[in-house]
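Reading the structure
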Amino acid sequence: QFDYMGMSVRTSDWRYSTFCAWDGATLAADWDRCHGAELYDHRRDTQIYDVDDNGEPFNLAGRAATKGVEEQLHALLRRRFAK
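Summary of the structure given here.

Criteria and thresholds
Residues numbered from 1 in each chain as written. Predicted model: local features only at pLDDT ≥ 70, side-chain atom pairs only at ≥ 80, totals over all residues. Heavy atoms only, no water. Pairing = 2+ DSSP bridges. Helix = DSSP H or I, 4+ residues; strand = E, 2+ residues; numbered from the N terminus. Axes fitted to C-alpha atoms, helices over the stretch in contact; angles between N-to-C directions. Salt bridge = Lys/Arg side-chain N within 4 Å of Asp/Glu carboxyl O. Buried < 20%, exposed > 50% of the residue type's maximum accessible area, 1.4 Å probe, protein only.

1. Some points on the sheet that holds strand S1 (residues 4-10)
Taken together, the three strands give an open sheet; going across it, the order is S1-S2-S3, and neighbouring strands pair in antiparallel fashion. Strands with a single pairing partner mark the edges of an open sheet, and in this sheet they are S1 and strand S3 (28-41). Taken pair by pair, the neighbouring strands of this sheet meet at an average axis angle of 25 degrees, ignoring direction. For strand S2 (residues 14-23) and S3, the ladder comprises nine bridges, and the chain directions are antiparallel. In the sheet register, Tyr 16 faces S3, and the bridge partner there is Leu 39.

So this is what it looks like as structure tokens:
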């Protein structure tokens, strides 16, 4: 009984998340209706569980400089979760 599902993918360098409209009847995301993208740079993350300095205070989604990374990770996420 919810309208959106949040999904994430993590590589050694980045974490990308997005929230897509969810069809509870088919248990599938509507990949054409995704919102609220988040992209975090973990390339300088030297402590895997360092919550104070892990690159996540700065959401880089929607920026021209990271557009290619965001598109690649969105495609990866879609491949992993799409039916």
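2. A look at the pattern of salt bridges
Under the definition given, this model contains four salt bridges. The salt bridge involving Arg 33 is made with Asp 30; its shortest N-O contact spans 3.6 Å. With a relative accessible area of 44%, Arg 33 lands in the partly exposed category. Notably, a salt bridge pairs Glu 71 with Lys 67, separated by 3.9 Å at the nearest N-O pair. On the criterion of helical spacing, the pair formed by Glu 71 and Lys 67 is a turn pair, its members being four residues apart in helix H1 (residues 67-81). Judged by relative accessible area, which is 47%, Glu 71 ranks as partly exposed.

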